[in-house]
Protein chains: 2
Amino acid sequence: MDGKTEGFESWAYCSNSALRRATRQLGQLYDDVLAPSGLKATQYGLLSQIHFNGNPSLKSLADGLVMDLSALGHTLKPLIRDGLLELVPDEKDRRVKRAGLTEIGVEKWQEAHLLWREAHSRFDNAFGEEESAALRNAMNRIASPDFAKTFVADPAKGGGSAS
Amino acid sequence: MDGKTEGFESWAYCSNSALRRATRQLGQLYDDVLAPSGLKATQYGLLSQIHFNGNPSLKSLADGLVMDLSALGHTLKPLIRDGLLELVPDEKDRRVKRAGLTEIGVEKWQEAHLLWREAHSRFDNAFGEEESAALRNAMNRIASPDFAKTFVADPAKGGGSAS
DNA sequence: TCATTATAGTGGCATATACCACTAAATTTT
DNA sequence: AAAATTTAGTGGTATATGCCACTATAATGA
């Protein structure tokens, strides 16, 4: 770690950086496959969650995505602007807004979904089906509140100040 | 996958989305640990790469990070503005600019590095040391040019058009 | 019921990251 | 060597994402 270690894989030593690097690469790969639909992989993901969760509130969507609520609001804007999504105020609780696909949104999602399946199978084939499933498990584990709790509370040695 | 499957883990089925979700979570966790240094985890990562690679050109840095060159340029700006980094034109090839830590940059990096070690050990403890190493391997594999090549060329069934 | 507090969203600002068009400089062709 | 091509960076624009301050509304407590 002294800057002159020849074989030292500087890109690989940090879990967080490694994750981001892989995410950039994979995002690129998925984006390319989804490109014909005009959607980015992130946008397909957003539409999918809204689709699968049936008009979720922004809050629950943000929680599920482990994303900041305001960040979610921002990322939804282009999709709303393009008429794929709409926000509907909840009847019971007027603070709440529910996201839903428009007709165009559903069509676009279906179109993108076909491309996504191609990307998905490419990934599984390139990475290995089992490894792929294991990877998703690992990712879900990291994204779980439980993991965050363990990470934060970790009483391990390493300088964890108790204050 | 029809929207009403109760137990369906909608957040988990897509490798790309799963990766992003985990990346958001982990980024948050690392950011919190690094916060006292005033650096985000991404910025610590940038400084580290520059530190470990000894004044790399922006191009080689971008390649190593699997990042778009212009994106790299943009993310470096705040660090340059804050005096942690500087870009020095290469002598031999006047197209090239090399990034280097300033004195302040080195100090800041050292400060952040201590915090990073804490985050690193927390992650290892929470996720498991071996799983952690395996994860970094998996991430590095995905980030490798080889993987991208395989992904793109994949002749698997699923609609891969040969054109 | 009224004041306090908690919850859901919005808007502004900042960083992270990509694409495109453009410039400058080096490399390759002819 | 002049022209064509490739390479390295920059600046603009757009999406992705986080924090903070602020608003509206609901839930709680005195």
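Just so you know, these numbers come straight off a predicted model, no measurement behind them. (Residues numbered from 1 in each chain as written. Chains lettered and ligands numbered in written order. Predicted model: local features only at pLDDT ≥ 70, side-chain atom pairs only at ≥ 80, totals over all residues. Heavy atoms only, no water.)

S.K.: Hey, could you run me through the protein's contact with DNA strand D in this one?
M.R.: The immediate surroundings of DNA strand D are formed by 27 residues, with T42, S70 and R81 of chain A together with Q28 and K59 of chain B found nearest. Residue L58 of chain B places a main-chain N or O atom 3.2 Å away from a phosphate oxygen belonging to DNA strand D. Put simply, the parts of the chain that give the surface near DNA strand D at least two residues each are α2 (41-53) and α4 (69-81) of chain A together with α1 (15-34), α3 (58-64) and α4 (69-81) of chain B. The dominant element in the surface near DNA strand D, judged by the number of residues it contributes, is α4 of chain A, at 6 residues. Tallied by class, residues from the surface near DNA strand D come to 6 nonpolar, 9 polar and 12 charged. (Near = heavy atom within 4 Å. Polar contact = N/O pair within 3.5 Å; in protein donor to acceptor, adjacent residues only side chain to side chain. Helix = DSSP H or I, 4+ residues; strand = E, 2+ residues; numbered from the N terminus. Nonpolar A, V, L, I, M, F, W, Y, C, P; charged D, E, K, R; others polar.)

S.K.: Would you take a moment to explain the protein's contact with DNA strand C for this structure?
M.R.: If you check the shell around DNA strand C, you find 27 residues, and the closest are Q28 and K59 of chain A together with T42, S70 and R81 of chain B. Counted by atom, the contact set of DNA strand C within 4 Å of the protein is 70% sugar and phosphate. Residue H74 of chain B places a side-chain N or O atom 3.2 Å away from a base nitrogen belonging to DNA strand C. Listing elements by their share of the surface near DNA strand C, those giving two or more residues are α1 (15-34), α3 (58-64) and α4 of chain A together with α2 (41-52) and α4 of chain B. Here the surface near DNA strand C gets 6 residues from one element, more than from any other, and that element is α4 of chain B. Its residues assigned to classes, the surface near DNA strand C comprises 6 nonpolar, 9 polar and 12 charged.

S.K.: Sorry if this is basic, but what is going on with the packing of α2 of chain A against α4 of chain A here?
M.R.: Helix-helix packing: each pair is described by the crossing angle between the helix axes and the interaxial distance. All names here are of chain A. Interhelical geometry of α2 versus α4 gives an angle of 100° and a closest axis separation of 11 Å. In this view, α2 runs roughly perpendicular relative to α4, as classed from their interaxial angle. Judged by residue contacts, Q43, L46, L47 and I50 of α2 engage L72, T75, L76, P78 and L79 from α4. In terms of residue class, the contact of α2 with α4 is built from 7 nonpolar, 2 polar and no charged. (Axes fitted to C-alpha atoms, helices over the stretch in contact; angles between N-to-C directions. Parallel < 35°, antiparallel > 145°, perpendicular 65-115°, else oblique. Contact = heavy atoms within 4.5 Å.)

S.K.: Explanation requested: unusual backbone geometry in the structure shown.
M.R.: Excluding glycine, residues mostly have negative phi values, and the peptide bonds linking residues are mostly trans. Residue and element names in this part refer to chain A. The phi angle at N55 is positive, at roughly 45°, despite the residue not being glycine. On the secondary structure map, N55 appears in the loop between α2 and α3. Judged by relative accessible area, N55 falls into the partly exposed class, the value being 40%. A positive phi is found at V66, a non-glycine position, where the angle reads about 50°. Residue position: V66 is located in the loop between α3 and α4. Among the residues examined, V66 registers a relative accessible area of 22% and is labelled partly exposed. (Buried < 20%, exposed > 50% of the residue type's maximum accessible area, 1.4 Å probe, protein only.)

S.K.: Sorry, what's going on with the interface of chain B and chain A here?
M.R.: For interface size, the figure often reported is the accessible area lost on association. Between chain B and chain A, the contact holds 70 residues from the first and 70 residues from the second. A buried area of about 6800 Å², summed over both sides, lies between chain B and chain A, and 62% of it is on carbon and sulfur atoms. Seen at the junction of chain B and chain A, the total is 0 salt bridges. Joining chain B to chain A, the criterion identifies 27 residue pairs in polar contact (both at pLDDT 80 or more). (Buried area = accessible area lost by both parts, 1.4 Å probe. Salt bridge = Lys/Arg side-chain N within 4 Å of Asp/Glu carboxyl O.)

S.K.: Where do I start with the relation of the copies chain B and chain A in this structure?
M.R.: Here the two chain copies are tied together by a rotation about an axis and a shift along that axis. You can overlay chain B on chain A at an RMSD of 0.0 Å; the transform is a turn of 180° with a shift of 0.0 Å along its axis. The superposition of one copy onto the other is thereby described by a two-fold rotation axis. A shared interface surface links the copies, since 100% of the contact residues of chain B are contact residues in chain A too. (Least-squares fit on C-alpha atoms with pLDDT ≥ 70 in both.)

S.K.: Would you mind showing me how to read α2 of chain A here?
M.R.: For an α-helix, 3.6 residues make a turn, and residues three or four places apart therefore share a direction. All names here are of chain A. Between its first and last C-alpha, α2 extends 18 Å over 13 residues, near the 18 Å set by a 1.5 Å rise per residue. With 10 of 13 residues buried, α2 lies mostly within the body of the structure. Of the residues making up α2, those classed as buried are A41, Q43, Y44, G45, L46, L47, S48, Q49, I50 and F52. Of the residues flanking the end of α2, it is G54, one or two places downstream, whose phi is positive at about 55°. (Expected span 1.5 Å × (residues − 1).)

The analysis is restricted to geometry; functional conclusions fall outside its scope.
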